[in-house]
Amino acid sequence: MRYFDLHCDTVTECWEKDCRLAENSLQVDLRRTQGWEAYVQCYAVWLPDHLHGEAAFARFCAVADRFSQEIERNPEGMAQYPAFAAAEAFSGCQGILTVENAAALGGKVENLLEFVRRGVKLCTLTWNGENELGRGVRAPGSGGLTDFGRQAVQALEENGIFIDLSHASPELFWDAVRLARKPVFATHSNAQALCSHPRNLTASQFEAVRDSGGLVGLNLYTAFLNDDPARASVDDLLRHADYFLNQGGENTLAFGADWDGAPPEDFPIPGLEGLPELRERFGQEFGKTVAEKIFFENAASFFENHL
Ligand SMILES: [Zn+2]
């Protein structure tokens, strides 16, 4: 079993609930991946929309500290994907630090140096609300990137941190796509054609990410799988994957399951322990080669080629 996931909130939860990454009652713990050939997980430092300025930057530092502590203490041999080293092949258990909500910059581009020092590789511009960079998908009003947002996008890219457009409002999304010089991501978003939630991607948004050379991560949260979340199932996940594959997404599609971003009952499988069976289903539906690309290879080759 090899699995590479572009987005979870588990380290933020470990910080909030003071539990361990190695073993816990969340959706992700390392104990559940024993025997897997490779497990690479992007761990987001998530910031709620009310945090701004110094308070936001301090929250980023606190949760990022927790990530470092979990890596130092964990007995399962997890390593952080190197902050500075050149690209290397993925194997075993590795964690990548990411940011969900660039309010974490505290409104200062120079705080980016702390992102770099700590090895952040991906950063969403917003969460659902408004911050110094622009508006998330739930924020009232209109407008794309602010002046600070433009500065931040350029500085993030220049410092080797890729832009993640999950949660962006449509205007922010397109402004960022026009400005970006590197591949852009939507780490945890599904297809609006199949589930109309505004967090999902339109066909043209998916094409923009695909054509930039970035990745789209399939999200397992039921509200993004089916317009009636109570009826959402693994079949819906397969439908979203099939749709993206038909949009030319064979080399673009990955997972960004959103583990621990919502209660486990709002997912069609309870946590990591459900993945080997899901991998079988994907293999039956799309063939082993494509399933392996979605579960691991697309994301692994992106990072091997770009970092
Ligand atoms: Zn999210």
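Residues numbered from 1 in each chain as written. Predicted model: local features only at pLDDT ≥ 70, side-chain atom pairs only at ≥ 80, totals over all residues. Heavy atoms only, no water.

A. The pairing of strand β1 (residues 2-8), seen in detail. Counting buried positions over the seven residues of β1 gives six, a clear majority of the element. Across five bridges, the pairing between β1 and strand β2 (residues 38-46) is parallel. Pairing of Y3 across the sheet is with Y39, part of β2. For the crossover that starts at β1, traverses helix α1 (residues 10-17) and ends in the parallel β2, the hand is right-handed. (Buried < 20%, exposed > 50% of the residue type's maximum accessible area, 1.4 Å probe, protein only. Helix = DSSP H or I, 4+ residues; strand = E, 2+ residues; numbered from the N terminus. Pairing = 2+ DSSP bridges. Right-handed = clockwise from strand over helix to strand, strands pointing away.)

B. Structural context of the packing of helix α7 (residues 234-246) against helix α8 (residues 275-286). The geometry of α7 relative to α8 is characterised by a closest axis approach of 11 Å and an angle of 45° between their N-to-C directions. Between α7 and α8, the crossing angle belongs to the class labelled oblique. You can see that α7 and α8 cross each other, and the crossing is right-handed. Between α7 and α8, the residues in contact are V234, D235, L237, L238, A241, D242 and L245 and L278, R281, F282, E285 and F286, respectively. Grouping the constituent residues of the contact of α7 with α8 by class yields eight nonpolar, no polar and four charged. (Axes fitted to C-alpha atoms, helices over the stretch in contact; angles between N-to-C directions. Parallel < 35°, antiparallel > 145°, perpendicular 65-115°, else oblique. Left-handed = near helix turned anticlockwise from the far one by under 90°. Contact = heavy atoms within 4.5 Å. Nonpolar A, V, L, I, M, F, W, Y, C, P; charged D, E, K, R; others polar.)

C. How the structure looks around unusual backbone geometry. At H167, a position not held by glycine, the phi torsion is positive, near 80°. Within the secondary structure, H167 is located in the loop between β6 (162-164) and α5 (170-179). With a phi close to 65°, D260 is a non-glycine residue in the positive phi region. Among the structural elements, D260 can be located in the loop between β8 (253-255) and α8.

D. Examining the pattern of salt bridges more closely. Following the criterion strictly, the structure yields 23 salt bridges and no others. As a salt-bridge pair, D29 and R31 come within 2.8 Å of each other at their nearest N and O atoms. We classify D29 as buried; its relative accessible area is 0%. With relative accessibility at 34%, the residue R31 sits in the partly exposed group. In this structure, the salt-bridge partner of E54 is K108, at a minimum N-O distance of 3.4 Å. (Salt bridge = Lys/Arg side-chain N within 4 Å of Asp/Glu carboxyl O.)

E. Representation of the environment of P270 in the model. Position of P270 relative to the elements: it lies in the loop between β8 and α8. Residue P270 is classed as partly exposed on the basis of its relative accessible area of 46%. On a C-alpha basis, the gap between P270 and D175 in space is 36 Å, while along the polypeptide they are 95 residues apart.

F. α7, seen in detail. Between its first and last C-alpha atoms α7 spans 18 Å; for 13 residues at 1.5 Å apiece the expected length is 18 Å, and the two agree. Restricting attention to buried positions, one finds in α7 the residues V234, D236, L237, L238, H240, A241, Y243, F244 and L245. Of the residues flanking the start of α7, the one acting as N-cap is S233, its side-chain oxygen 3.2 Å from the backbone nitrogen of D235. Following α7 by one or two positions, G248 has its phi on the positive side, about 80°. (Expected span 1.5 Å × (residues − 1). Polar contact = N/O pair within 3.5 Å; in protein donor to acceptor, adjacent residues only side chain to side chain.)

G. Expanded view of the environment of W127. As for its position among the elements, W127 is in the loop between β5 (122-124) and α4 (147-158). Taking the C-alpha atoms as reference, W127 lies 26 Å from L238; in sequence the two are 111 residues apart. Excluding its chain neighbours within four sequence positions, the residues that come into contact with W127 are W46, L47, D49, E100, N101, G136, V137 and H167.

H. Seen up close, the packing of aromatic side chains. Per the counting criterion, the structure on display carries 26 aromatic pairs. Plain terms: the ring middles of F185 and F302 are 4.9 Å apart, the flat faces sit at 90° to each other, and that makes the pair edge-to-face. Taken as a pair, F185 in the loop between α5 and α6 (203-212) and F302 in helix α9 (residues 288-306) lie far apart in primary sequence, 117 residues in all. Note on F302: relative accessible area 5%, which makes it buried. Both rings, one in F302 and one in F303, keep their centres 5.4 Å apart while their planes meet at 80°; by these two values the pair is edge-to-face. Taking relative accessible area as the criterion, F303 reaches 0% and is therefore assigned buried. (Phe/Tyr/Trp six-rings, centres within 6.5 Å; stacked < 30°, edge-to-face > 60°.)

I. Looking closely at the packing of α5 against α6. As a packed pair, α5 and α6 sit with axes 11 Å apart at the nearest point and diverge in direction by 25°. Taken together, the axis directions place α5 and α6 in an arrangement best described as roughly parallel. Regarding α5 and α6, the two cross each other, and that crossing is left-handed. Residues P170, F173, W174 and V177 of α5 form the contact with α6, whose own contacting residues are S204, Q205, A208 and V209. In terms of residue class, the contact of α5 with α6 is built from six nonpolar, two polar and no charged.

J. Up close: the nonpolar core. F115, W259 and F282 are the most contacted members of the largest nonpolar core, which has 88 residues in total. With eight residues, helix α2 (residues 53-73) is the single largest residue contributor to this core. Ignoring sequence-local partners within four residues, the contact set of F282 consists of L218, L237, L238, A241, F255, G287, A291, I294 and F295. Grouped together as the second largest cluster of nonpolar side chains are 17 residues, L122, L215, A299 and F303 included. (Core = buried A, V, L, I, M, F, W, Y, C linked by side-chain atoms within 4.5 Å.)

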